[in-house]
Amino acid sequence: MAGARRPGRNFLFVPGPTNVPDRILRAMHIPMEDHRSPDFPKLTIPLFEEMKKVFQTKEGQVVIFPSSGTGAWESALTNTRAPGDKLLAPRFGQFSHLWIDLARRHGLDVIVQEEEWGTGADPDRIEEELRADKNHEIKGILVVHNETATGVTSDIAAVRRAMDAAGHPALLYVDGVSSIGSIDFRFDEWGVDLAITGSQKGMMLPAGLGIVCASPKALAQMDDATCTRAYFNLADQFNANAGGYFPYTPALPLLYGLRESLAMMSEEGLENVFARHRTLASGTRAAVDAWGLLLCAKAPKWHSDTVSAIMVPDGFSGADVIERAYRRYNLALGAGLSEVAGKLFRIGHLGDLNELMLLGAISGAEMSMRDVGIPVEPGSGVAAAQEYFRNANGAAEQRLAAE
């Protein structure tokens, strides 16, 4: 149909999947090979070790499944729990809700701590619940580190301190799908027992890999775990992974992509990756302030460095902003989910991203809001973000010069 073509590339600014760098696309463009060959471990064995650096662990064991993060969720639970086991889970967004639902489908008894959407896990409430559990019936705590639905990051170190203060032996399960590889995540230091992530966010890959990191304490509970599992059985993975192989056909191009992703992160430096995400997020928040709008996150302590969920004024729909951005400006923004559907739109600022790319998304969001009648000053958000980035980069240059 005449006029149907939309020139230029799509601006992808949802909080996952994220932009895949050209280097990774080239790395994945490979012929198929025998995944049982003697040379195959040269690819795979380094992947497990390099992923441990991203989790910041020396003690944990990493498993890479052909799946999404949801498969990694399922594996973490079914390999360490038995039907009827009690779990404690704060619920403060769509993804904490989905993890609770998955656990219940496997016959696990989940005690839910409801938190206001826009906040995160409350360590004080967790400690109180654990202190009351005198018989240690609660076997695990499920916490979403970064809730993409609301743009909220919870304090996992504080959750671990609460568990230790209560003297409780429960395992700490953490969903790091939209944080690991973008936000500082310290598996060993924070005493995490099982952490999961996916390939399509901070790891800068297409969707298709679910990644689990398990502590020795978690692995010690595998023998007593009686939840049904087959495809996601960690023992099968460990047996095959020891030699550099998999118990079934792996997602070969994604493994080559993961190798390139890990190389890119190593070249930038993990601390620099985290600092870049903080800068990008702070510039986005400066734009939101300049627009006179609010984030869904209720306080700065909850602010996410990978996604900003931006509330639209009463009388307007976030869905209208998203549709206008997509149809008119070829910009993909994240939608409001469940309880916040229509109340906000989300800008994902994670993965392979720099200031100029993000300024394009901020500009497109600004134009889209104006198009649907939201009264924002033209250029205000872009100017505020520009000024923040300019000052932040100047400060960074001064630090480097001083060193």
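Everything below is about the structure printed above this text.
Residues numbered from 1 in each chain as written. Predicted model: local features only at pLDDT ≥ 70, side-chain atom pairs only at ≥ 80, totals over all residues. Heavy atoms only, no water.

Is there a simple way to explain the sheet that holds strand E3 (residues 86-91) in this structure?
Two pairing modes exist for strands in a sheet, parallel and antiparallel, and in both the strands are linked by backbone hydrogen bonds. Taken together, the seven strands give an open sheet; going across it, the order is E2-E10-E9-E8-E5-E3-E4, and neighbouring strands pair in mixed fashion. Here the strands that pair on one side only, and so sit at the sheet edges, are strand E2 (61-66) and strand E4 (109-114). Here the strands of the sheet are splayed against their neighbours by 20° on average, with no regard to which way each runs. Where E3 and E4 come together, six bridges link them in parallel fashion. (Pairing = 2+ DSSP bridges. Helix = DSSP H or I, 4+ residues; strand = E, 2+ residues; numbered from the N terminus. Axes fitted to C-alpha atoms, helices over the stretch in contact; angles between N-to-C directions.)

In this structure, what is going on with the side chain of lysine 201? I would like to understand it.
With respect to the helices and strands, lysine 201 occurs in the loop between strand E9 (194-198) and strand E10 (209-214). Among buried charged residues, lysine 201 stands out as having no salt bridge; its nearest opposite-charge side chain is aspartate 175, 8.3 Å away. Within the structure, lysine 201 has its side chain in polar contact with the backbone oxygen of proline 15 (distance 2.7 Å). Those residues in contact with lysine 201 that sit more than four places away from it in its chain are Pro15, Gly16, Thr18, Thr148, Val177, Ser178, Leu350 and Gly351. (Buried < 20%, exposed > 50% of the residue type's maximum accessible area, 1.4 Å probe, protein only. Lys, Arg positive; Asp, Glu negative; His and termini not counted. Salt bridge = Lys/Arg side-chain N within 4 Å of Asp/Glu carboxyl O. Polar contact = N/O pair within 3.5 Å; in protein donor to acceptor, adjacent residues only side chain to side chain. Contact = heavy atoms within 4.5 Å.)

So what exactly am I meant to see when it comes to the packing of helix H2 (residues 41-55) against helix H9 (residues 252-268) here?
When two helices pack together, their arrangement is captured by the angle between the axes and the distance separating the axes. In contact at an axis separation of 10 Å, H2 and H9 are set at 45° when each is read in the N-to-C sense. Between H2 and H9, the angle is such that the two are oblique. H9 is crossed by H2, and the crossing has left-handed handedness. Residues Leu43, Thr44, Leu47, Glu50, Met51 and Val54 of H2 form the contact with H9, whose participating residues are Leu252, Leu255, Tyr256, Leu258, Arg259, Leu262 and Met265. (Parallel < 35°, antiparallel > 145°, perpendicular 65-115°, else oblique. Left-handed = near helix turned anticlockwise from the far one by under 90°.)

Help me understand helix H12 (residues 355-371), please; the structure alone is not making it clear to me.
In this model H12 runs 24 Å from its N-terminal to its C-terminal C-alpha over 17 residues, within 8% of the 24 Å that 1.5 Å per residue would give. For H12, the full list of buried residues reads Leu358, Leu359, Ala361, Ile362, Gly364, Ala365, Glu366, Ser368 and Met369. Where H12 begins, the capping side chain belongs to asparagine 354, and its oxygen is found 3.3 Å from the backbone nitrogen of leucine 356. Positive phi appears at glycine 373, one or two residues downstream of H12, with a value of about 100°. (Expected span 1.5 Å × (residues − 1).)

Can you walk me through the sheet that holds strand E1 (residues 11-13) in this structure?
Spatial strand order, E1-E12-E13-E11: four strands in an open sheet with mixed pairing. The open sheet has two edge strands, E1 and strand E11 (307-311), and neither has a second partner. Shown here is a sheet whose adjacent strand axes are inclined to one another by a mean of 35°, direction ignored. Summarising the sheet, E11 and strand E13 (residues 344-348) pair through five bridges and their orientation is antiparallel. The residue bridging methionine 311 from the neighbouring strand is leucine 344, located in E13. Lying on the sheet, helix H11 (residues 318-329) is in contact with strand E12 (331-335) and E13; it crosses E12 at an angle near 160°.

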